[in-house]
Amino acid sequence: MSAPGGNANLLNDRQVDIIATRLAERLLARDVAKPPAADVVREPHSAPREALGEGIFATVDDAVEAAGIAFRQLDGLSLEQRKLIIASIRESMLEHAEQLARHAHRETGLGRAEHKVIKNRLVARKTLGIEALTPHAVTGDNGLTLTEYAPYGVIGSITPTTNPTSTIICNTIAMVAAGNSVVFNVHPNARQCSMANVRLLHQAILRAGGPANLVTAVAEPTIESAQALMTHDGIRLLAVTGGSGVVRQAMTSGKRAICAGPGNPPVVVDATANLDHAARGIIAGASFDNNIVCTDEKEVIAVATIVDELLRNMSRHGAYVLNESELRRVERVIFSEQRGPRRRAVVAKDLIGKNASEILDRAGIPCSGDPPLLVARVPNDHPLVWTEQMMPVLPVTAVPDVDRGIELAREAEHGFGHSAGMYSRDIDALSRMARSINTSIFTKNGPFYAGLGEGGEGHTSFTIASPTGEGLTGSVAFSRLRRCVLVDHFRIV
Ligand code: NAD
């Protein structure tokens, strides 16, 4: 995979260095790393003592209260100080990207550590920060109207087990850049790496002269504490990243919610595509972090005339192509329940995010080496086409022509409106699918992680809000628009 590309609006290494140097000079000039005020961090009563402090709180109430104080303190700081805080966060997260990735991999047992490093670095560099909050001015005969991006206050953020640290890093940068504070209720299976991440963020913010507890978390997160956060009076906005259950819960909470839900991203390959390029791109995309990323390619829909050649190319580029009897054996281990054709199967939880070699091993299929991806030719109605499998087992199904491919892609995507893509050199077909699939991200002729800004242009996010429409969230999504009108004056022309 390529390193994240540059973007004129985002900080590059040199800019981060300049800001970090200025920051270091300030730190020498004054001791900014003050411990949190005694009235902000309460003594724990239920959680183990060593687990608390540095943004970690025993209860939702305590975390929301501390984050409320921090929000008001941030509100009193200048924009320049806020920029230093974000630069310090980016710098610290780049420094700790690998450590956090390995911790997340160890704790959750999902994905591949080296891909989690890429995800952490990507969000540290390319999440939209303060630079995106450009005010808007309108002038005319009646004077001047100014629109500015304002914070909401304390945001309640619920995070997944699939990208635990990258979601926390990305949400923190976007939310704090917009002037908010945040309370995280993380996935219980990623609790320790998430707490370590919150502590590092807390320290980075203090080093830049920011308030304590701008980023907080509930020490022992549960579904109940997530629900308490969703209905807490001190929470102004929710940002929820996860499956359908948590999205449904947030959307009925009575609060404004930015919801990043599940997907089942299809990739269509037509007869005009460069099949060597398509095979390489699909393998790289679908095997990224063992397919647990919500935007990863989850099913391939190929025009019948090229499907065999596509599979040959995939095999040549390292994918393990399952024959029919091997597929039957793999189905038995990856699904705990099949619910019939064109229906979503229940995925075996203990194989989510595992390496392809482990899946082969469990299925009793001998294989030497470590193939990135298992690929199987299946009929259109096979459960793998309809299921968000989140493991490196990719179905390839044939259709008579590209338009039937686009139609099947729409059906298999289930209307999530999340991610999709196509390999083609037919610009009409590319445009037809981009329009009709109607997803937050559509990637043409490249791995779907390019749509996240990794080897593609543009900012990144690991909170892709399809159900509520914000798409790849950044500082703008976590801002309220406020207008100020001056009547009759300040037009200079
Ligand atoms: P999950 O839904 O099991 O958990 C996500 C979070 O929600 C966790 O913190 C969990 O504790 C909490 N939660 C779950 N049910 C809840 C309920 N009823 N009430 C309150 N809180 C609840 O998801 P996961 O396994 O951690 O993540 C994988 C899923 O998330 C996949 O479906 C994936 O597509 C989706 N996802 C989407 C995005 C995106 O940006 N759209 C990003 C990452 C993951």
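The notes below deal with the structure included here. For clarity, every value in this text was computed on a predicted model and none was experimentally measured.

Thresholds applied
In every chain, residue numbers begin from 1 and rise along the written sequence. Given that this is a predicted model, residues contribute local features only at a pLDDT of at least 70 and side-chain atom pairs are listed and counted only at 80 or more, while totals for whole chains, interfaces and linings are drawn from all residues. No hydrogens and no water enter the side-chain calculation; it runs on all heavy atoms of the structure. Note on conventions: DSSP H or I runs of at least 4 residues are helices, E runs of at least 2 residues are strands, and numbering of each starts at the N terminus. The classification of residues rests on relative accessible area computed with a 1.4 Å probe and restricted to protein chains. Under 20% of the type maximum is buried, over 50% is exposed, and intermediate values are partly exposed. Any two residues having at least one pair of non-hydrogen atoms within 4.5 Å are treated as being in contact. For every accessible area listed, the method is Shrake-Rupley and the probe measures 1.4 Å; residues are considered covered only by the protein chains on display. At least two DSSP bridges between two strands are required for those strands to pair. The angle between two axes is taken between their N-to-C directions and runs from 0 to 180 degrees, where each axis is a line fitted to C-alpha atoms and a helix contributes only its stretch in contact. When a carboxyl oxygen of Asp or Glu is within 4 Å of a side-chain nitrogen of Lys or Arg, the pair counts as a salt bridge. Definition used in this section: a nonpolar core is a set of buried Ala, Val, Leu, Ile, Met, Phe, Trp, Tyr and Cys residues joined via side-chain atoms within 4.5 Å. We call a residue near a molecule or strand whenever a single non-hydrogen atom of that residue lies within 4 Å of it. Here a polar contact is taken to be a pair of N or O atoms separated by no more than 3.5 Å, where protein atoms must pair a possible hydrogen donor with a possible acceptor and residues adjacent in sequence count only if both atoms sit in side chains.

Secondary structure assignment for the protein chain yields 16 helices and 20 strands. Split into buried and exposed, the 493 residues of the protein chain put 56% on the buried side. Put simply, of all contacts in the protein chain between residues at least 6 apart along the chain, 73% involve residues at least 24 apart. For the protein chain, the exposed surface amounts to about 20,200 Å²; the carbon and sulfur share of it is 49%.

Okay, the sheet that holds strand 3 (residues 143-151) next. An order of 2-3-20 is seen for the three strands of this open sheet, with the pairing classed as antiparallel. A strand with exactly one partner marks an edge of an open sheet, and here the two such strands are strand 2 (136-140) and strand 20 (479-487). Each neighbouring strand pair of the sheet contributes to a mean axis angle of 15°, computed without reference to strand direction. The sheet contact formed by strand 3 and strand 20 spans nine bridges and is antiparallel.

So, about the pattern of salt bridges. For the structure shown, the criterion picks out 18 salt bridges. Measuring nitrogen to oxygen at the nearest pair gives 2.7 Å for the salt bridge that ties R316 to D276. A residue pair is termed long-range when its members are at least 10 positions apart, and R316 in helix 11 (residues 304-316) and D276 in helix 10 (residues 275-286) qualify at 40 residues. Classification of R316 by relative accessible area gives exposed; the value is 55%.

V269, L310, M314, L322 and I334 are the most contacted members of the largest nonpolar core, which has 65 residues in total. Residue contributions to this core peak at six residues, all from helix 10. When near neighbours in sequence (up to four residues on either side) are disregarded, M314 contacts A279, I282, I283, A319, V375, L394 and V396. Membership of the second largest hydrophobic core comes to 54 residues, among which are I89, I173, A178 and I258.

Around the ligand, 30 residues are found, and the nearest of them are T159, T161, G261, E388 and I464. Backbone polar atom of G242 to an oxygen atom of the ligand: 3.3 Å apart, as the coordinates give it. Contact distances for the ligand include 3.1 Å between a nitrogen atom and a side-chain N or O atom of H418. Contact with the protein chains hides 87% of the accessible area of the ligand, taken as 830 Å² for the molecule alone. Listing elements by their share of the shell around the ligand, those giving two or more residues are helix 8 (223-230) and helix 9 (244-251).

With respect to the element layout, T165 can be found in helix 6 (residues 164-177). A residue is classified by how much of its surface remains accessible, and T165, at 3% relative accessible area, is buried. Within the structure, the side chain of T165 is placed 3.0 Å from the side chain of N120, a separation counted as a polar contact.

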